[in-house]
Amino acid sequence: VSCHLEYGDGRRILRIKDFITDTNHKNVDYSQVFQKAWKGLCEGEGEGEGTGGSSLVINENEKYTIQPQLFEGPCVSSYIHIQIDGKIEAPKRPKQWGNKRTESWLMFKNVESLFINGSGVLDPHGETWWRSVRHSKRPRTLSFKQCTDIIYNGLTQYNSPKNHISVYGCTNATLSNLTLLAPEKSPNTDGIGISLSHNIRILDSSIQTGDDCIAITGGRGGSSDINITRVACGPGHGISIGSLGKGDIDDTVEKVIGGKRLAKNMLFENITVTNTKYPIIIDQHYSNGGTGHVKGNAVKVSDVTFRYIEGTSASKIAIKLDCDENQECHDIVMEHIKLTSAKPGKKLSAYCKFAGVKASFVNIHINCGLYISSTFAVVSSSSKNYLATYTKDIF
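Residues numbered from 1 in each chain as written. Predicted model: local features only at pLDDT ≥ 70, side-chain atom pairs only at ≥ 80, totals over all residues. Heavy atoms only, no water.

**Notes on the confidence of the model for the protein**
Here's step 1: Model confidence for the protein is summarised by a mean pLDDT of 83, while 78% of its residues fall at 70 or above.
Here's step 2: Every residue in residues 1-8 is under pLDDT 50, and counting partners more than four places away or in other chains gives 21 contacts. (pLDDT = per-residue confidence, 0-100. Contact = heavy atoms within 4.5 Å.)

**A few points about the state of the cysteines**
Here's step 1: With the rule as written, the count across this model stands at four disulfides.
Here's step 2: In this model Cys213 forms its disulfide with Cys233; the gap between the sulfur atoms is 2.1 Å. With the S-S bond torsion at -60 degrees, the cross-link from Cys213 to Cys233 turns out left-handed. With Cys213 in the loop between strand 17 (198-208) and strand 18 (214-217) and Cys233 in strand 19 (residues 223-233), the pair connects residues that are 20 residues apart, well separated along the chain.
Here's step 3: Owing to a relative accessible area of 1%, Cys213 belongs among the buried residues under this scheme. (Disulfide = S-S within 2.5 Å. Helix = DSSP H or I, 4+ residues; strand = E, 2+ residues; numbered from the N terminus. Buried < 20%, exposed > 50% of the residue type's maximum accessible area, 1.4 Å probe, protein only.)

**Quick notes on the nonpolar core**
Here's step 1: Counting residues in each nonpolar core, the largest one holds 55 residues, and the members touching the most others are Phe108, Phe144, Tyr152, Ile165 and Ile214.
Here's step 2: Contact partners of Tyr152, with chain neighbours within four places excluded, come to Ile116, Leu122, Leu142, Phe144, Gln157, Ile165, Thr174, Leu175, Ser176 and Leu178.
Here's step 3: In terms of nonpolar packing, the next biggest core, distinct from the first, is built from 29 residues, Phe268, Ile332, Leu339 and Val362 among them. (Core = buried A, V, L, I, M, F, W, Y, C linked by side-chain atoms within 4.5 Å.)

**Some points on the environment of Gln327**
Here's step 1: Positionally, Gln327 belongs in the loop between strand 25 (317-322) and strand 26 (329-341).
Here's step 2: Judged by its relative accessible area of 24%, Gln327 is partly exposed.
Here's step 3: Residues Gln327 and Val301 lie 26 residues apart in sequence; the distance between their C-alpha atoms is 8.0 Å.

**Re the environment of Lys277**
Here's step 1: With respect to the helices, strands and loops of the structure, Lys277 is situated in the loop between strand 22 (261-276) and strand 23 (280-283).
Here's step 2: Judged by relative accessible area, Lys277 falls into the exposed class, the value being 58%.
Here's step 3: For the pair Lys277 and Ile317, spaced 40 residues apart in the sequence, the C-alpha separation amounts to 8.1 Å.
Here's step 4: For Lys277, the residues in contact, after removing those within four places along its chain, are Ala314 and Ser315.

**A closer look at the pairing of strand 16 (residues 192-195)**
Here's step 1: Burial along strand 16 is two-sided: Ile192 and Ile194 facing one way and Gly193 and Ser195 facing the other are all buried.
Here's step 2: The pairing of strand 16 with strand 18 spans four bridges and is parallel. When the bridges of strand 18 are listed, Ile192 appears paired with Ile214. (Pairing = 2+ DSSP bridges.)

**Regarding the sheet that holds strand 7 (residues 104-109)**
Here's step 1: Across the sheet, which stays open at both edges, the seven strands sit in the order 4-7-10-13-16-18-20 with parallel pairing between neighbours. Each of the sheet's edge strands pairs with one partner strand only, and the pair in question is strand 4 (69-72) and strand 20 (239-241). Sheet twist, expressed as the mean angle between neighbouring strand axes with direction ignored, is 10 degrees.
Here's step 2: The strands touched by helix 1 (residues 31-43) within the sheet are strand 4 and strand 7, with strand 4 carrying the most contacts at an inclination of about 5 degrees. (Axes fitted to C-alpha atoms, helices over the stretch in contact; angles between N-to-C directions.)

**A look at the packing of aromatic side chains**
Here's step 1: Inspection of every chain in the model, using the stated rule, returns nine aromatic pairs.
Here's step 2: Relative to Trp129, the ring of Trp97 has its centre 4.9 Å away and its plane inclined at 80 degrees; by these criteria the two rings are edge-to-face. You can see Trp97 sitting in the loop between strand 6 (87-89) and strand 7 and its partner Trp129 sitting in the loop between strand 9 (121-123) and strand 10 (140-145), a full 32 residues away along the chain. Like Trp129, Trp97 is buried.
Here's step 3: Of the aromatic side chains, those joined through ring pairs into one cluster are Trp38, Phe71, Phe108, Phe144 and Tyr152.
Here's step 4: One cation-aromatic arrangement involves Lys320 over Tyr278; the distance from NZ or CZ to the ring centre is 4.9 Å. (Phe/Tyr/Trp six-rings, centres within 6.5 Å; stacked < 30°, edge-to-face > 60°. Lys NZ or Arg CZ within 6 Å of the ring centre and 35° of its normal.)

**Things to note about the sheet that holds strand 23**
Here's step 1: Spatial ordering of the open sheet is given by 23-25-27, a layout of three strands whose pairing is parallel. Bordering the open sheet on either side are strand 23 and strand 27 (349-353), each of which pairs with just one other strand. Strand-to-strand twist of the sheet, defined as the mean angle between neighbouring strand axes without regard to direction, takes the value 10 degrees.

**A word on unusual backbone geometry**
When glycine is set aside, most residues are seen to have a negative phi, and most peptide bonds are trans.
Here's step 1: Pro74 follows Gly73 through a cis peptide bond whose omega is 0 degrees.
Here's step 2: With a phi angle near 50 degrees, Asn177 is a residue other than glycine that sits in the positive phi range.
Here's step 3: Mapped onto the elements, Asn177 comes out in the loop between strand 14 (171-176) and strand 15 (179-181).
Here's step 4: Using a relative accessible area of 40% as the deciding quantity, one classes Asn177 as partly exposed.
Here's step 5: Look at Leu196: it is not a glycine, yet its phi comes out positive at around 55 degrees.
Here's step 6: Its place among the elements puts Leu196 in the loop between strand 16 and strand 17.

Rendered as structure tokens:
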């Protein structure tokens, strides 16, 4: 296959059209074309010494339908760049995906120094999966698995069959300026799922999906150093850290900003909530759709700070700290929390059990079973301004 090369900025530029052998463009499935393009990109064919790596460019007016794809490394090329300004879509019905079961429609595995950007669209037509295929058999839209040094920026994704994006076993990834969209009642269409990953940044994005906005889950080895900043969530379940400790494995999630199990060192700061059920919640009894409380496997929770959180609550209980009697929640800090009811005139409350809380300038009284050092803020219902504070120790 003859490749179209451009060396204007030191990069080798590939285009999908360079890999299309059907000159009449009668193809309706470009899966093989994309695999050829990936081979050329990953193997660095035609790269001269001193070039700045390779780029695959999909222009704004280009549209391609492809089957599930695995883009696997390691690659020879030192820098992999894919620019998507057009539209890539999956077959519109599950039966058109073939018989091969896949965990993701598009998966990048064992790739280092990967940069994907553009103003384009990924559309897997997940709406045809939601009622016809059970959740466990649905694919994610996009997965990064065991990758290092990833940048994913600017794209829009619609209606994933399951998670829109999965980051699994990755180190040093930045996901930014993304738009993820699915109806509010679409089942389990999480925005971004993170597991077994470290040094992950999610920035400047809008995530409007039917389940968790961002879900940080466990696994042997855990996840750490996760920064979520300037991300708009909703509808959906917000930013969730959960599903830790399944099967009594050693799970850890720590240093998050925005069996033997641990979630610690987390900061939730500068957040505005609008008509949100349980704006602040820690639940050591979460059963993920089951009935009743889960007993005996609570995750240890400690060193969690909620700071400068304001807005409206859809539920009467705005702060819910449902901690386990045996594990308890330790060193929970709440500072400058100002929540009012989404229904004018309704008073909000807090539910708290077995949590050690230090609260300052929180406009909702918190009473837990453990020692609390609190500075409560009294809020005028008319002016919404802090009028006075007082300190009280509760046992």
